[in-house]
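# Coordinates in review
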Amino acid sequence: MPRVVFTSNLQRYVTCPERAVRGATVGQALAGVFADTPQIRDYVLDEQGHVRRHIHIYVDGRRIADRERLTDAVHDDSEICVLQALSGG
Amino acid sequence: MSDRLLVGTRKGLFTVARRNGRWSLLEPSFLGDPVTAVLADPRDSTLYAALNLGHFGVKMRRSKDGGKTWEEHAAPTYPPQPENAPGPAWKLVQVWVMETGGADEPGVLWAGTIPGGLFRSRDRGDNWSLVRSLWEHPSRTEWMGGGYDAAGIHSICIDPRDRRKVSVAVSTGGVWQSRDGGETWDLRASGMRAEYMPPDRQGDPLVQDVHRMVACPSRPDVLWAQHHNGVFRSTDGAASWNEIRACALSCFGFAVAVDPNNADTAWFVPAMKDEKRVPVNAQLAVTRTRDGGRTFEVLRDGLPAEAAYDLIYRHALDVDGSGERLAIGSTTGGLWISENRGNSWQCISAHLPPIAAVRFAQ
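So, here is what we can say about the structure in this document. (Residues numbered from 1 in each chain as written. Chains lettered and ligands numbered in written order. Predicted model: local features only at pLDDT ≥ 70, side-chain atom pairs only at ≥ 80, totals over all residues.)

Before going further, it helps to examine the overall build of chain B. Looking only at helices and strands, one finds 1 helix and 28 strands in chain B. Taken over the C-alpha trace, chain B has a radius of gyration of 19 Å; the compact-globule value for 362 residues is 21 Å, and the two agree within 12%. Viewed in the frame of its principal axes, chain B has a C-alpha envelope of about 55 × 50 × 40 Å. The long-range fraction of contacts in chain B, counting pairs at least 24 apart against all pairs at least 6 apart in sequence, stands at 50%. (Helix = DSSP H or I, 4+ residues; strand = E, 2+ residues; numbered from the N terminus. Rg over C-alpha atoms; globule rule 2.2 N^0.38 Å. Contact = placed C-beta atoms within 7 Å.)

See below:
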């Protein structure tokens, strides 16, 4: 199953350990995480279901292309990394 | 009189408490997190703070024990955005202001947001609903950003005589008022003047850039507005506005506060307009009128004698319920309190993070 890893900075606000979840797309995999831990969703996605502007998601080292519908494909051995973009201040 | 002040900053929520006649800073909450709006609910003593986490979005916190412990509660969210909807994305950028509902409806809260949203909660923030009558008003998509990419609601006045009468100010989009609890809305900025617009649009109520609007609790038909290019006052519940031309130092600024017990007394913090936005002649000063805007005094006692570039933003001037105590907080981290209606000021700190909001709590 694909693994989902969250930035450690998110741990300040909500518990989000590394997880193995089912899914053939980024959206399906994240849905598996949110089903178990719904409070993570609002930290990663906005109210329209899009990836928040200052969050990046990488699959096997490549940044995902579809930040709105989350249709990028994932494989059984994929690693999905949810990271914060760099921002100043 | 209030002995406690909440200070929302770019790096957390600070509390200043008065003990044995001295004001002192307590340990901060949410250190490192931007706090954009604070509220102390006098009906049940709950404290609220709106956070704007750079990466993770807007998050809300409330405390039922005076700030010792905080819990997360729901943030306002916009409904699903229809395809091709005009205007900015239906995504919460910032909670800009929070206010309590009427005294007879405990738990009712209002929030003004960027982009241009007015939200109401009936359960202390567990759930929020967008006031769709205003959001879907055809004029809303003509509102313009004022300092931010999208327009926002920064001022909400609930009439203490009738909580169904709600007035909000928009930067930029004028003043809007409902008399039926938010079912219908009227534009209420007649008499305002926008000198930054082409001549034939300057009097258009829809383009007025109100920076901050407050109503006098003991005389709610009197409202004061610090506008982008002037100060305006209404004495008829926002039906009409009169320009106050006697401002001292400058008519530009962001903040205004009105004496809760005397609608003729109001305070401002002028700045050089409009590209510079620093104190006039680098001398930080508060101005006060006690006669409804006919004359103004300049109050500097206790404010920096040396050159100062402190800007007081729109929510960073507050007066307590007695009208005696005031606080100002600056975008360069200065915090001052007055215990005598602004006659003199004491510096609480010159080294806080940039201050977005100050608010007295009971």
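Another point: the sheet that holds strand E11 (residues 129–130) of chain B. Residues and elements named next belong to chain B. Taken together, the 4 strands give an open sheet; going across it, the order is E8-E9-E10-E11, and neighbouring strands pair in antiparallel fashion. Edge strands, defined here as strands with exactly one partner in the open sheet, are strand E8 (94–100) and E11. Across 2 bridges, strand E10 (residues 117–121) lies against E11 in antiparallel orientation. Residue pairing across strands places Arg120 opposite Ser129, the latter belonging to E11. (Pairing = 2+ DSSP bridges.)

Moving on, we come to unusual backbone geometry. The general pattern is negative phi for most residues beyond glycine and trans for most peptide bonds. A cis amide bond links Ile114 of chain B to the next residue, Pro115 of chain B, at an omega of 0°. Inspection of the secondary structure assignment puts Pro115 of chain B in the loop between strand E9 (109–114) and E10. Along the chain, Ser171 of chain B connects to Thr172 of chain B via a cis peptide bond; the corresponding omega equals -5°. Phi at Asp60 of chain A takes a positive value of approximately 50°, unusual for a residue other than glycine. Here Asp60 of chain A lies in the loop between strand E3 (55–59) and strand E4 (62–63). Given 12 C-beta atoms within a 10 Å radius, Asp60 of chain A is considered exposed. If you check the backbone angles, Asn84 of chain B has positive phi at about 65° while not being a glycine. With respect to the helices and strands, Asn84 of chain B occurs in the loop between strand E7 (71–73) and E8. (Buried ≥ 20, exposed ≤ 12 C-beta atoms within 10 Å, placed from the backbone.)

Take the nonpolar core next. Membership of the largest hydrophobic core comes to 127 residues, with the highest contact counts inside it found for Met98, Ala255, Ala257, Ala316 and Ile328 of chain B. Sequence-distant contacts of Ala257 of chain B, defined by excluding residues within four places in its chain, comprise Val214, Ala266, Trp267, Leu317, Asp318, Val319 and Leu326 of chain B. (Core = buried A, V, L, I, M, F, W, Y, C linked by C-beta atoms within 7 Å.)

Facing the 13 residues of chain A at the interface are 11 residues of chain B. The residue inventory of the side of chain A that touches chain B, partitioned by class, reads 5 nonpolar, 4 polar and 4 charged. (Nonpolar A, V, L, I, M, F, W, Y, C, P; charged D, E, K, R; others polar.)

What follows concerns the sheet that holds strand E5 (residues 79–84) of chain A. Residues and elements named next belong to chain A. Spatial strand order, E2-E1-E5-E3-E4: 5 strands in an open sheet with mixed pairing. Of all the strands in the sheet, the pair left with one neighbour each is strand E2 (19–20) and E4. The pairing of strand E1 (residues 3–6) with E2 spans 2 bridges and is classified as antiparallel. The residue bridging Arg3 from the neighbouring strand is Ala20, located in E2.

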